[in-house]
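Descriptive analysis of the structure
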Amino acid sequence: MSVRRGDTAHTGCGPIEDLVGIGFGPANLALAIAIDAHNRRDPGSAIHAGFLERQQRFGWHQGMLIEGATMQVSFLKDLVTMRDPGSRFSFLHYLQERGRLADFINQKTFFPTRVEFHDYFEWCAGEFASAVDYGRAAVALRPVRNDDGVTEYVDVVSRSVQDPADESVRRTRNVVLGTGLTPRLPEGVTLGPHVWHNRDLLFRAAELTGRPHRRFVVVGAGQSAAESAEYLHRTFPDAEVCAVFSRYGYSPADDSPFANRIFDPAAVDHFFDAPQDVKQALLDYHGNTNYSVVDGELIEQLYRTAYQEKVQGRERLRILNTSRLTAVEELPGGARAVIRSLGSGEDFTLDCDAVVLATGYRPADPRELLGELSAECLTDEQGRLRIDRDHRVVTTGRIRAGIYLQGGSTEHTHGITSTLLSTLAVRSGEICDSLLRGVLADGGAGALAGGGTSVLEDGGTETVAGEGARTAVAVRAG
């Protein structure tokens, strides 16, 4: 990365950046790749971008990198192929670099293991090490206003995860929040030494020393719950594994070709343009492609296991269907799970070595980080942020800096793929293009600001755009 002339003309926080990305998971990694592709095509209008990531190094669902577990998405829906099939950041190029292209082809599958796909992500992320501040968490976004009271820039305040006294500020024309999801827990249940969310499964299971109860309880009916139950059953052959869920059985994911079209890039356009009642209907209709559903082969594997154990007279895999967890109590060396049968209404307890909550995730509310900027962000009739098609938050005319969102906080506007890998490649290109559309003149020196929609005081709208030369610190891979 190299500083271009004119980019440091600003007060106290170092150079003004075109973009600061908060979080460096797959979403912002895909954006970094898209920016790198633009900067190589057109270095004269290069985008200066940097990223903050609270982890010490790149990692994606590392606690669920279970041996043998496969992706539920085609390798062609990697970080770049759907936008640029010839990119050097494609999964196929990764395989070639690793010397496994022919071997992978011989498997005759579209679905690599999760371990291999994580290695692909790490391989890509390694090319952007100089653009990412690992081990730093964004703690506040502060508006920087001009003499007219218009927010031209945003100061991103971050702290070192290891040393909270180490605080720094980066000033930027645009910010993109890609901070992922937050574990969803049953009401009244908190995490503890023997109460885990499945995101930490491999880490916490490896830390177990004494297991006095020889039992695990897994709560949930989705893919992660089924994988957790299978992993614990296989890894601890002396333990009983109790799968607790309110359904009568695991439900298979609908991965048929027509249903899968809901994950196409074009489906985002259709969803975005649809009336609110149609949006909700689409989410309801196609929830069985993603939420609380399990791969059919894994369902069959678990059923065969349960049946064979019944034949042998020693049932270690217990399916406690039509039931739910109502409470958890920590015990010395374990936990006590209180389970309620939904049929009879009766409660019973299971003392276990650990309760694994495979209960999904919820999107973090970006307004918690936006602080006073959130007062200028417009909402719909349900109080949700209004998001433009280019993933930029719709704001009042008092905000000229761009605020972009990636992830679950855009599902109500962009559909079911918001939290998934399926459209990352295309979405990152859309955000990159939006940044490039928003060139503003800034005191004679070029400044890049996100192109999007702001609402004026009289209720009208304006497109944030302008003319002028762009100055930037280019994000370049390698």
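For clarity, every value in this text was computed on a predicted model and none was experimentally measured.

**Thoughts on the overall build of the protein chain**
When helices and strands are tallied, the protein chain shows 13 helices and 23 strands. Each of the 478 residues in the protein chain was classed as buried or not, and the buried ones make up 52%. Summarising the internal contacts of the protein chain: among those between residues at least 6 apart in sequence, 71% fall at separations of at least 24. Approximately 21,600 Å² of the protein chain is accessible, and the part contributed by carbon and sulfur atoms is 49%.

**Concerning the environment of Val150**
Within the secondary structure layout, Val150 lies in the loop between strand 4 (136-145) and strand 5 (151-160). Judged by its relative accessible area of 15%, Val150 falls in the buried class. Sequence separation between Val150 and Ile399 is 249 residues, and the spatial gap between their C-alpha atoms is 5.8 Å. Excluding residues within four positions of it along the chain, Val150 makes contact with Val144, Arg145, Gly397, Arg398 and Arg400.

**Observations concerning unusual backbone geometry**
Phi at Lys108 is positive, roughly 55 degrees, even though this residue is not glycine. Structurally, Lys108 is set in the loop between helix 3 (101-107) and helix 4 (114-125).

**Let's talk about helix 13 (residues 424-437)**
Taking 1.5 Å per residue, 14 residues should reach 20 Å; helix 13 reaches 20 Å between its end C-alpha atoms and fits that length. Three or more residues of helix 13 are buried, namely Leu424, Ala425, Val426, Arg427, Ser428, Gly429, Ile431, Cys432, Ser434, Leu435 and Leu436.

**Details of the nonpolar core**
By size, the foremost hydrophobic cluster in this structure holds 42 residues, and its most contacted members are Phe24, Leu29, Leu79 and Tyr120. Secondary-structure elements contributing two or more residues to this core are helix 1 (26-41), strand 2 (49-53), helix 2 (91-98), helix 4 and helix 13. The leading source of residues in this core is helix 1, at eight residues. Excluding anything up to four places from it in sequence, Phe24 contacts Leu29, Ala32, Phe51, Leu52, Glu53, Phe58, Ala125, Phe128, Val132 and Tyr134. Among the nonpolar cores identified, the runner-up in size contains 32 residues, and Ala221, Val241, Ala306 and Val356 belong to it.

**As for empty space enclosed by the protein**
One pass over the full model with this rule turns up two cavities of 30 Å³ or more. Elements supplying a minimum of two residues to the lining of the largest cavity: helix 8 (265-273) and helix 13. Among the elements that line the lining of the largest cavity, the one with the most residues is helix 13, at three residues. Estimated volume of the second largest cavity: approximately 70 Å³. Going through the elements one at a time, helix 8 and helix 9 (276-285) are the ones with two or more residues in the lining of the second largest cavity.

**Here we look at the pattern of salt bridges**
Inspection of every chain in the model, using the stated rule, returns 28 salt bridges. Close ionic contact of Arg173 with Asp18 constitutes a salt bridge, the shortest N to O distance being 2.8 Å. On the criterion of sequence distance, the pair formed by Arg173 in the loop between strand 6 (167-172) and strand 7 (174-177) and Asp18 in the segment before strand 1 (19-22) is long-range, its members being 155 residues apart. Here Arg173 matches Asp18 in class, with each residue buried. Between Asp351 and Arg336 there is a salt bridge; the shortest N-O distance is 2.6 Å. Taken together, the positions of Asp351 in strand 15 (residues 347-352) and Arg336 in strand 14 (residues 334-341) put the pair 15 residues apart, joining distant regions of the chain. A relative accessible area of 22% means that Asp351 is categorised as partly exposed.

**Regarding a nonpolar patch on the surface**
On the surface, a nonpolar cluster with roughly 340 Å² of combined accessible area is contributed by Leu76, Leu92, Phe110 and Phe111. Tracing the sequence through the fold places Leu76 in the loop between strand 2 and helix 2.

**Overview of the layout of surface pockets**
Of the volumes computed, that of the second largest pocket is approximately 360 Å³. Taken together, 14 residues make up the lining of the second largest pocket; nearest its centre are Leu302, Tyr303, Ala306, Tyr307 and Ile319. Secondary-structure elements contributing two or more residues to the lining of the second largest pocket are helix 10 (296-312) and strand 12 (317-320). If one sorts the elements of the lining of the second largest pocket by residue count, helix 10 sits on top with six residues. Taken together, the residues of the lining of the second largest pocket break down into 10 nonpolar, one polar and three charged.

**A closer look at the pairing of strand 5**
Most of strand 5 is tucked away, with eight of its 10 residues classed as buried. Summarising the sheet, strand 4 and strand 5 pair through nine bridges and their orientation is antiparallel. Residue pairing for strand 5: Pro143 is matched across the bridge by Val154. In textbook terms, the turn of a hairpin is the stretch between consecutive antiparallel strands, and for strand 4 and strand 5 this stretch comprises five residues, one of which, Gly149, has a positive phi near 85 degrees. Where strand 5 folds back on strand 6, the antiparallel hairpin that results is connected by six residues.

**Things to note about helix 2**
For helix 2, the complete set of buried residues consists of Phe91, Tyr94 and Leu95. Projected down its long axis, helix 2 shows its buried positions confined to an angular sector of 100 degrees, all on one face. Packing partners of the buried residues in helix 2 comprise helix 3 and helix 4. Within two residues after helix 2, Gly99 carries a phi angle of roughly 75 degrees, on the positive side.

**A look at the packing of aromatic side chains**
Inspection of the entire model under this criterion finds 20 aromatic pairs. A ring pair is formed by Phe91 and Tyr94, whose centres lie 5.4 Å apart and whose planes are at 35 degrees; its orientation type is tilted. A residue pair is termed a helical-turn pair when its members lie 3 or 4 positions apart in one helix, as Phe91 and Tyr94 do in helix 2 at three residues. With respect to class, Phe91 is no different from Tyr94; both count as buried. Every member of this aromatic cluster is reached through a ring pair, and the members are Phe58, Trp60, Phe75, Phe91, Tyr94, Phe104, Phe110, Phe117, Tyr120, Phe121 and Trp123.

The rules behind these values
- Within each chain, residue numbers correspond to sequence positions counted from 1 in written order.
- Whole-chain, interface and lining totals are the exception, using all residues; otherwise, since this is a predicted model, local features are given only for residues with pLDDT of at least 70 and side-chain atom pairs are given and counted only at 80 or more.
- With hydrogens and water stripped out, all remaining heavy atoms of the structure feed into the side-chain values.
- A run of DSSP states H or I qualifies as a helix once it reaches four residues; a run of E qualifies as a strand once it reaches two. Both are numbered from the N-terminal end.
- For the exposure calls, accessible area comes from a 1.4 Å probe over protein chains only, and a residue counts as buried if that area is under 20% of its type's maximum, exposed if over 50%, partly exposed in between.
- Residues are treated as being in contact if the distance between any of their heavy atoms lies within 4.5 Å.
- Values of accessible area rely on a 1.4 Å probe in the Shrake-Rupley scheme; residue burial ignores everything except the protein chains shown.
- Here the expected span of a helix is defined as 1.5 Å times the quantity of residues minus one.
- Nonpolar cores were defined as sets of buried Ala, Val, Leu, Ile, Met, Phe, Trp, Tyr and Cys residues, with membership established by side-chain atoms within 4.5 Å.
- Definitions used for this entry: grid spacing 1 Å over protein atoms alone; cavity, a set of points where a 1.4 Å probe fits but cannot get out; pocket, an open set with protein on both sides within 12 Å along at least 5 of 7 lines; lining residue, one with an atom within 4 Å of a point.
- Grid points are joined across faces, edges and corners, and a volume is the space filled by probe spheres set on the points.
- Salt bridges are defined by distance alone: a side-chain nitrogen of Lys or Arg within 4 Å of a carboxyl oxygen of Asp or Glu.
- Note that patches include only residues with greater than 30% relative accessible area and no salt bridge, and the join distances are 9 Å for like charges and 5 Å for nonpolar side chains (Val, Leu, Ile, Met, Phe, Trp, Tyr).
- Under the scheme applied here, ten amino acids are nonpolar (Ala, Val, Leu, Ile, Met, Phe, Trp, Tyr, Cys and Pro), four are charged (Asp, Glu, Lys and Arg), and all others, including Gly, are polar.
- Strands qualify as paired when DSSP identifies two bridges or more between them.
- Read the arc as the range of directions from the helix axis to the C-beta atoms.
- When the centres of two rings from Phe, Tyr and Trp lie within 6.5 Å, Trp using its six-membered ring, the rings pair. Their planes under 30 degrees apart give stacked, over 60 give edge-to-face, and anything left gives tilted.

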